[in-house]
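Here are the chains, one letter per residue:
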Amino acid sequence: MERTELIAREGIRDLLGRYTWAGDTGRSAELAGCFTAEGVLDAGVPGGAWEGRATITAELDAVAARVAATGDTPSPVNHHVSSVLITMNDPTSATVRSYFCVYTDAGADHWGRYRDDVVMDATDGHWRFARRTVRVTGYAPGSRFADQG
């Protein structure tokens, strides 16, 4: 593996961390900044696919408001991301697959998989999501976030 690929892989891992920390601390605009201007966050059913930073921010803020309205707001929320598999397509794009488990003060809440298409932003050299697909594959009884319909 060449040094440039190692640097790219570290940049991609940094992207995953920036996304997770922003989401866990409620910084929706910062999380949306992890996407390209036209990036897509595909939250699956029933969330849908949200395109563009403004839409991603608005949708995440709406989710936070719905959770807060239940009066059962968990604190803290921690996403644990593991088994990160990075496949470089070329020096400025890659496909990333990983697992996640979300913990709240009540313990494990829900878990699933991420599948990401990431690109290096030529304007600042940061890696960003062109598309992040989130699929919840399971949830604990009484989950505060995942659809249990």
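Structure: see above.
Residues numbered from 1 in each chain as written. Predicted model: local features only at pLDDT ≥ 70, side-chain atom pairs only at ≥ 80, totals over all residues. Heavy atoms only, no water.

*Asks:* What's the story with the overall build of the protein chain in this structure? I'm lost.
*Replies:* Along the backbone of the protein chain there are three helices and six strands. Counting from the amino terminus, the protein chain carries its helices and strands in the arrangement α-α-β-β-α-β-β-β-β. Its C-alpha atoms give the protein chain a radius of gyration of 15 Å, near enough to 15 Å, the size a compact globule of 149 residues would have. Its C-alpha atoms give the protein chain principal-axis dimensions of about 50 × 30 × 25 Å. Burial statistics for the protein chain: of 149 residues in total, 38% are counted as buried. Look at the contacts in the protein chain between residues 6 or more apart in sequence, and 49% of them connect residues 24 or more apart. (Helix = DSSP H or I, 4+ residues; strand = E, 2+ residues; numbered from the N terminus. Rg over C-alpha atoms; globule rule 2.2 N^0.38 Å. Buried < 20%, exposed > 50% of the residue type's maximum accessible area, 1.4 Å probe, protein only. Contact = heavy atoms within 4.5 Å.)

*Asks:* Can you walk me through the pairing of strand β4 (residues 93–104) in this structure?
*Replies:* On any regular strand, side chains alternate: one points to one face of the sheet, the next to the other face. Burial within β4 is extensive, with nine of its 12 residues counted as buried. Of the strand pairs in this sheet, strand β3 (residues 78–90) and β4 are connected by 10 bridges, and their pairing is antiparallel. Following the sheet pairing, serine 82 is matched in β4 by tyrosine 99. Bridge count for β4 against strand β5 (residues 107–120) is 12 bridges, and the pairing is antiparallel. (Pairing = 2+ DSSP bridges.)

*Asks:* I would appreciate a short explanation of the sheet that holds β4 in the present structure.
*Replies:* Strand order in this open sheet of six strands is β2-β1-β6-β5-β4-β3, and the pairing throughout is mixed. Of all strands in the sheet, those bounded by a partner on one side alone are β2 (49–51) and β3. With strand direction ignored, the average angle separating the axes of adjacent strands in the sheet is 15°. Where β5 meets strand β6 (residues 127–139), 11 bridges bridge the pair, whose relative direction is antiparallel. Bridge pairing in β6 places arginine 113 opposite arginine 135. Contacting β1 (35–42), β3, β4, β5 and β6, helix α1 (residues 3–24) runs over the sheet at an angle of about 150° to β3. (Axes fitted to C-alpha atoms, helices over the stretch in contact; angles between N-to-C directions.)

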